[in-house]
Amino acid sequence: MACFIVPATEAIITTVAQKVIKKKEAKNDSKSGENKLRFSEKLKWLNGMLWGGSGLLAFEHLWHGEITPFFPFLTAANDPADTAEMLHEMATSGSAMAILVTAVWAVVALAADKITTAQKNEKKKAGAEV
Amino acid sequence: MTLLITIIAAVISTVIWYTSPKARELKVGILLYMFWGASLMWFVDAVVEYLEVGAEYFEPAAKDMLNDAFLGVSVVALALVVWVVYLLIKDPQNTVKKLLAEKRTGK
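Reading guide: rules and limits
Residues numbered from 1 in each chain as written. Chains lettered and ligands numbered in written order. Predicted model: local features only at pLDDT ≥ 70, side-chain atom pairs only at ≥ 80, totals over all residues. Heavy atoms only, no water. Helix = DSSP H or I, 4+ residues; strand = E, 2+ residues; numbered from the N terminus. Rg over C-alpha atoms; globule rule 2.2 N^0.38 Å. Buried < 20%, exposed > 50% of the residue type's maximum accessible area, 1.4 Å probe, protein only. Contact = heavy atoms within 4.5 Å. Lys, Arg positive; Asp, Glu negative; His and termini not counted. Charge placed at Lys NZ, Arg CZ, Asp CG, Glu CD. Buried area = accessible area lost by both parts, 1.4 Å probe. Salt bridge = Lys/Arg side-chain N within 4 Å of Asp/Glu carboxyl O. Polar contact = N/O pair within 3.5 Å; in protein donor to acceptor, adjacent residues only side chain to side chain.

Participant: Can you walk me through the overall build of chain A in this structure?
Facilitator: Of regular secondary structure, chain A possesses 3 helices and 0 strands. Mapped from its N terminus to its C terminus, chain A presents α and β elements in the order α-α-α. The C-alpha radius of gyration computed for chain A amounts to 20 Å, which surpasses the reference 14 Å derived for 130 residues by more than 25%, pointing to a less compact arrangement than a globule. With the C-alpha coordinates aligned to their principal axes, the bounding extent of chain A is approximately 75 × 25 × 20 Å. For chain A, the residues scored as buried account for 32% of the 130 residues in total. In chain A, the proportion of contacts linking residues at least 24 apart, taken out of those at least 6 apart, comes to 76%. A gap of 18 Å separates the mean positions of the 15 positive and 14 negative side-chain charges of chain A.

Below you can see the structure in the form of structure tokens.
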């Protein structure tokens, strides 16, 4: 009904957070960890998945007539019983979507950190051997 | 069906992104975000529906399946359109800029 609103809201928050963190990282460039990817760079991946996913889901809701181009934009908002069902779906499916995408992103971000750290160590070892 | 089509699109675009430097230059990464993000979200939808209806979930009516397949293909088409628009705006190879400059100078 409107489950995509939850990940879309998370996308707004993470996009703002990414912009702020990117500015801070640019200021503290010399202090930041050299052998890891910047957090703002990794946050960009989460933004992409959240925006992309909720965008395509919004299209699906439009397809099924659950979104309208006029106020209140959600057909379920016209009827109190439908509104309650919509809110329940947002709380269950919507939250689960946001949590799953964030969890997958966290695993990918950790893996990327491990890979970059391993590469750095390999380079150090190769440098020490020469 | 929509979930299946989106997952297949996500896997294909990931393989293209991984194997081709040219594809990475052409910003194929944006397709990865869209397809993987939507696949994860529709996966949750599928799990919720499975919990509600049980094994019946795997026996959809032919009409529903056709409509879902139509939706899946439309979703892929929409994502490709978004990618092309993004590509033309970002113009990583300066093709649009060069063409416009040529038009302006009359070459």
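Next comes the rest of the account.
Participant: Got a minute to help me understand the interface of chain B and chain A in this structure?
Facilitator: One frequently used descriptor of interface size is the decrease in accessible area upon assembly of the parts. Contact residues are listed per partner, giving 20 residues for chain B and 22 residues for chain A. When chain B packs against chain A, close to 1800 Å² is buried across both sides, 82% of that on carbon and sulfur atoms. Contact with chain A buries area across many residues of chain B, yet B:Tyr33, B:Leu40 and B:Met41 alone supply 37% of it, more than any other trio. At the boundary of chain B and chain A, one finds 0 salt bridges. Where chain B packs against chain A, one counts 2 residue pairs in polar contact (both at pLDDT 80 or more). Elements supplying a minimum of two residues to the side of chain B that touches chain A: helix H3 (29-53) and helix H4 (62-90) of chain B. Take the side of chain B that touches chain A: its biggest share by element is 13 residues, from H3(B).

Participant: When you look at helix H5 (residues 95-105) of chain B in this model, what are you seeing that I'm missing?
Facilitator: Count 3.6 residues to each turn of an α-helix, and residues three or four apart come out pointing the same way. Across the 11 residues of H5(B), 0 count as buried, placing the element largely on the outside. Looking one or two places after H5(B), you find B:Gly106, whose phi comes out positive at around 80 degrees.

Participant: Mind showing me how you'd approach the side chain of A:Glu25 here?
Facilitator: Residues and elements named next belong to chain A. Here Glu25 shows up in helix H1 (residues 5-27). Look at Glu25: it is buried, it has no salt bridge, and the nearest opposite charge is Arg38 at 4.6 Å. Discounting residues that sit within four places of it in the chain, Glu25 has contacts with Arg38, Phe39 and Ser40.

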